[in-house]
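Here's the letter readout for the chains.
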Amino acid sequence: MATDALPAQSLAEVYLYLMATPCRACGGGPLTSEEVSSADEAEVATVSIEAKCVSCGLAKALRFSLASSAEAAKGRSLGGVNPTERPSRLLDVGQWITLYHVILASAEAAPSAAQGRDLKIEASQCLGEALKFFDDPDNDLPAGEAFFCETSSIRFRDAPEQFSRRRLLALRSKLPTPVEGNR
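Residues numbered from 1 in each chain as written. Predicted model: local features only at pLDDT ≥ 70, side-chain atom pairs only at ≥ 80, totals over all residues. Heavy atoms only, no water.

This part covers the confidence of the model for the protein chain. Low-pLDDT portions of the prediction should not be read for the details of their coordinates. The pLDDT averaged across the protein chain works out to 86; a share of 84% of its residues lies at or above 70. Across the protein chain, the secondary-structure element scoring lowest on mean pLDDT is helix H2 (residues 69-72), at 46, and the one scoring highest is helix H6 (residues 165-173), at 98. Throughout residues 71-78 the model reports pLDDT below 50, and contacts reaching past four residues in sequence, or to other chains, amount to 24 contacts. (pLDDT = per-residue confidence, 0-100. Helix = DSSP H or I, 4+ residues; strand = E, 2+ residues; numbered from the N terminus. Contact = heavy atoms within 4.5 Å.)

Let's shift gears to the packing of helix H4 (residues 113-131) against H6. The N-to-C vectors of H4 and H6 enclose an angle of 160°; their axes lie 9 Å apart at closest approach. Classified by the interaxial angle, the pair formed by H4 and H6 is roughly antiparallel. Crossing of H4 over H6 shows left-handed handedness. Contacts between H4 and H6 involve Ser124, Leu127, Gly128, Ala130 and Leu131 on the former and, on the latter, Arg165, Leu168, Leu169, Leu171 and Arg172. (Axes fitted to C-alpha atoms, helices over the stretch in contact; angles between N-to-C directions. Parallel < 35°, antiparallel > 145°, perpendicular 65-115°, else oblique. Left-handed = near helix turned anticlockwise from the far one by under 90°.)

Let us look at the side chain of Ser88. Positionally, Ser88 belongs in the loop between H2 and helix H3 (93-108). By relative accessible area, Ser88 is classed as buried at 3%. Polar side-chain contacts of Ser88 include one of 2.3 Å to the side chain of Glu13. A distance of 2.9 Å separates a polar side-chain atom of Ser88 from the backbone nitrogen of Leu91. (Buried < 20%, exposed > 50% of the residue type's maximum accessible area, 1.4 Å probe, protein only. Polar contact = N/O pair within 3.5 Å; in protein donor to acceptor, adjacent residues only side chain to side chain.)

Moving on: the pattern of salt bridges. Oppositely charged side chains are able to pair whenever their charged atoms sit close together. Taken as a whole and assessed by the stated rule, the structure comprises four salt bridges. In this structure, Asp4 and Arg63 form a salt bridge, with 3.3 Å as the shortest nitrogen-oxygen distance. Taken as a pair, Asp4 in the segment before strand E1 (6-8) and Arg63 in strand E5 (residues 59-66) lie far apart in primary sequence, 59 residues in all. Among the residues examined, Arg63 registers a relative accessible area of 23% and is labelled partly exposed. We note a salt bridge from Arg166 to Asp140, for which the minimum N-O separation is 3.6 Å. Residue Arg166 is located in helix H6, and its partner Asp140 is located in the loop between H4 and helix H5 (150-158); the two are separated by 26 residues in the primary sequence. You can call Arg166 exposed: its relative accessible area is 61%. Judged by its relative accessible area of 18%, Asp140 is buried. (Salt bridge = Lys/Arg side-chain N within 4 Å of Asp/Glu carboxyl O.)

The N-to-C vectors of helix H1 (residues 11-20) and H3 enclose an angle of 85°; their axes lie 10 Å apart at closest approach. Taken together, the axes of H1 and H3 are roughly perpendicular relative to one another. Taken together, the residues of H3 that come into contact with H1 (itself represented by Glu13, Leu16, Met19 and Ala20) are Gln95, Trp96, Leu99, Val102 and Ile103. Here the residues of the contact of H1 with H3 are counted per class, giving seven nonpolar, one polar and one charged. (Nonpolar A, V, L, I, M, F, W, Y, C, P; charged D, E, K, R; others polar.)

A few words on unusual backbone geometry. The linkage connecting Gly29 with the following residue, Pro30, adopts the cis geometry, with an omega of 5°. In this structure, Pro30 sits in the loop between H1 and strand E2 (31-32).

What follows deals with the environment of Leu168. Looking at the element boundaries, Leu168 is found in helix H6. Sequence separation between Leu168 and Gly128 is 40 residues, and the spatial gap between their C-alpha atoms is 8.6 Å. Among all residues touching Leu168, those that are not within four sequence positions of it are Ile97, Leu127, Ala130, Leu131, Phe134, Gln162 and Phe163.

What follows covers H6. Residues of H6 that are buried: Arg165, Leu168 and Leu171. One side of H6 holds all its buried residues, which, seen down the axis, span an arc of 125°. Relative to its buried face, H6 has exposed residues pointing more than 90 degrees away, namely Arg166 and Ser173. Taken together, the buried residues of H6 touch H3 and H4. Measuring from the backbone nitrogen of Arg166 back to the side-chain oxygen at the start of H6 gives 3.3 Å, which picks out Ser164 as the cap. (Arc of directions from axis to C-beta.)

Next comes the structure, spelled out in structure tokens:
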């Protein structure tokens, strides 16, 4: 497997990475992709995507290694984003919080109540992924290892209260949860 592949738990996480990652050229985004190609290499599926910045149009090829080839077949549903208890190695705590805000805004503008509810469930799941970065029960803030995106580090430095575990739990408590059997 090539060493330039980014580690992802699922194809859903790959698409969320495109939504949350700013363009390296212009700082804008989001990144989008129409085509996905995959290849199985032993126990790991490798996914290649041609990502394009919506703001400036710059295209860049990205490679991701998925935990298993079965994950490569999954759709964009957030339900299978990270079935483990481990935090993401692709998206940091700040990016998950950003995704929560983006998806919640989409939920508020959804054309139907059912679509809005589904999006709010996805926003809740993003907060759940952010909370996986809190490994010290005595600390209300995530550790330094929870940040690997420069934008997130700057946001944390400027407004650490936005990253409070209590705050994230309170935000998540206001959102619906998936009904067993539907996800």
